[in-house]
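Spelled out from the first residue to the last, the chains are:
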Amino acid sequence: MSRLRVQSFAVSLDGYGAGPDQDRQNPLGVGGPELFEWFFPTRAWRRMHGYDDGETGVDNDVAEKGFAGVGAWILGRNMFGPVRGPWPDDSWKGWWGEEPPYHVPVFVLTHYPRPPLRMAGGTVFHFVTEGIHAALEQATAAAGGRDVRLGGGVATVRQYLQAGLVDELHLALRPVLLGSGEHLLHGIDARALGYACARSVAGERATHVFLQRRDHQADPSFPGREATG
Ligand SMILES: NC(=O)c1ccc[n+]([C@@H]2O[C@H](COP(=O)([O-])OP(=O)(O)OC[C@H]3O[C@@H](n4cnc5c(N)ncnc54)[C@H](OP(=O)(O)O)[C@@H]3O)[C@@H](O)[C@H]2O)c1
């Protein structure tokens, strides 16, 4: 059965998943890159960006496993780009250039309709204006039995969590303080929603925490399970 997975979602010690004031110069928000300093040196990240080097180890292992078995993605509109309000034209095509690293259908939540955008390498961005349930239905159908990865950003993950629709949530907890930005869990009682920590493992630059809904904890195919440690 297709699962909805959040993978490699970086969070600061004080709980932020993005810095404040996102714009073209600061796609991750101001200070946001500190969240991703565990990911940038990995082989997984380097290969996504066309290099053939990169570190292996725990951080790389969990990052690579996060891409396995994924047949479609869901993103929020701010993760797709810095453009707000009605789309002025079709010129914004995401942060990732002509060949984005998805290679499968990607469903972008937005209040502003836009025709689908076909990119090199198999990525097609579909813009969904009917809300989180519609996006999940469409992504699940497109995934053809594989899992759906919920890429973010913060507001999008929060909505799916609050609706109890996330099956697995892998957080990469970074030892940094952001002080402000987009807070992942503020006001969400994840415990009451049925989530619990299935395991954690220390990586080179982040601690990886794998949350699952309690009804899924026996599932041996959860990607965190076969990670190191
Ligand atoms: N920590 C990590 O690992 C990680 C991962 C991914 C992204 N990020 C970061 O997170 C930040 C973006 O997160 P964010 O919280 O600002 O925004 P987001 O979740 O990416 O996008 C929010 C926007 O998506 C649209 N949207 C969301 N839910 C919707 C719904 N139910 N119906 C219709 N439209 C909906 C709305 O845009 P409109 O109303 O404008 O259409 C909303 O303002 C970026 O800085 C990104 O780099 C961090």
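Heads up: the structure comes first, above all this text.
Owing to the predicted nature of the structure, the values given are computational and were not obtained by experimental measurement. Here the residue numbers are simple positions, counted from 1 along each chain's written sequence. Note on the predicted model: pLDDT of at least 70 is required for a residue's local features to be given, and 80 or more for side-chain atom pairs to be given and counted; whole-chain, interface and lining totals, by contrast, use all residues. Hydrogens and water are ignored here; the side-chain numbers use all heavy atoms of the structure.

Caption draft 1: Structural view of the environment of H126. Following the sequence through the fold, H126 ends up in strand β6 (residues 124–128). Exposure categories follow from relative accessible area, calculated using a 1.4 Å probe and restricted to protein chains: below 20% of the type maximum is buried, above 50% is exposed, and the middle band is partly exposed. Of the residues examined, H126 reaches a relative accessible area of 25% and is grouped as partly exposed. Along the backbone, H126 and A172 are 46 residues apart, and their C-alpha atoms lie at a distance of 28 Å. Note on contacts: a residue pair is in contact if any heavy atoms of the two residues lie within 4.5 Å. With near-sequence residues (within four places) excluded, H126 lies in contact with P105, V106, F107, V108 and P116. Helix numbers and strand numbers start at the N terminus; a helix is a DSSP run of H or I with at least 4 residues, a strand a run of E with at least 2.

Caption draft 2: Representation of the nonpolar core within the structure. The criterion is simple. A nonpolar core is a set of buried Ala, Val, Leu, Ile, Met, Phe, Trp, Tyr and Cys residues joined through side-chain atoms within 4.5 Å. Among the nonpolar cores identified, the biggest contains 30 residues, and I74, Y160 and V166 are the most heavily contacted of them. Every element with two or more residues in this core is listed here: β1 (4–12), β3 (70–76), β4 (105–109), α4 (132–143), β7 (147–152), α5 (154–162), β8 (168–174) and β11 (207–213). Among the elements that line this core, the one with the most residues is α4, at six residues. Once residues lying within four places of it in the same chain are set aside, the contact partners of V166 are L4, V6, L150, Y160, L161, Y195 and R213. Ranked by size, the runner-up nonpolar core spans 16 residues in total, among them A44, V58, V62 and V176.

Caption draft 3: Representation of the pairing of β8 within the structure. Counting buried residues along β8, six of its seven residues qualify, which places the element largely inside the surrounding structure. Relative to β8, β1 runs parallel, the two being bridged by six bridges. Among the inter-strand pairings, A10 is bridged to a residue of β8, identified as A172. Pairing between two strands requires that DSSP report at least two bridges joining them.

Caption draft 4: Quick look at the sheet that holds strand β5 (residues 117–118). Strand order in this open sheet of nine strands is β5-β6-β4-β3-β7-β1-β8-β11-β10, and the pairing throughout is mixed. Looking at strand neighbours, the two that pair on one side only are β5 and β10 (195–202), the edges of this open sheet. Here β4 runs beside β6; their pairing, made up of five bridges, is parallel. Opposite V108, over in β6, you have F127 as the bridge partner. Contacts from α4 reach β1, β3, β4, β6 and β7 within the one sheet, and its direction differs from that of β3 by about 160°. Across the sheet, α5 is in contact with β1, β3, β4, β7, β8 and β10; its angle to β7 comes to roughly 130°. A fitted line through C-alpha atoms serves as each axis, taken over the contacting stretch for helices, and the angle formed by two N-to-C directions is quoted from 0 to 180°.

Caption draft 5: View of the pairing of β1. Of all nine residues making up β1, nine are buried, and the element is well covered by its neighbours. Pairing geometry for β1 and β7, over two bridges, is parallel. Within β7, the position partnered with L4 by the bridge is V148.

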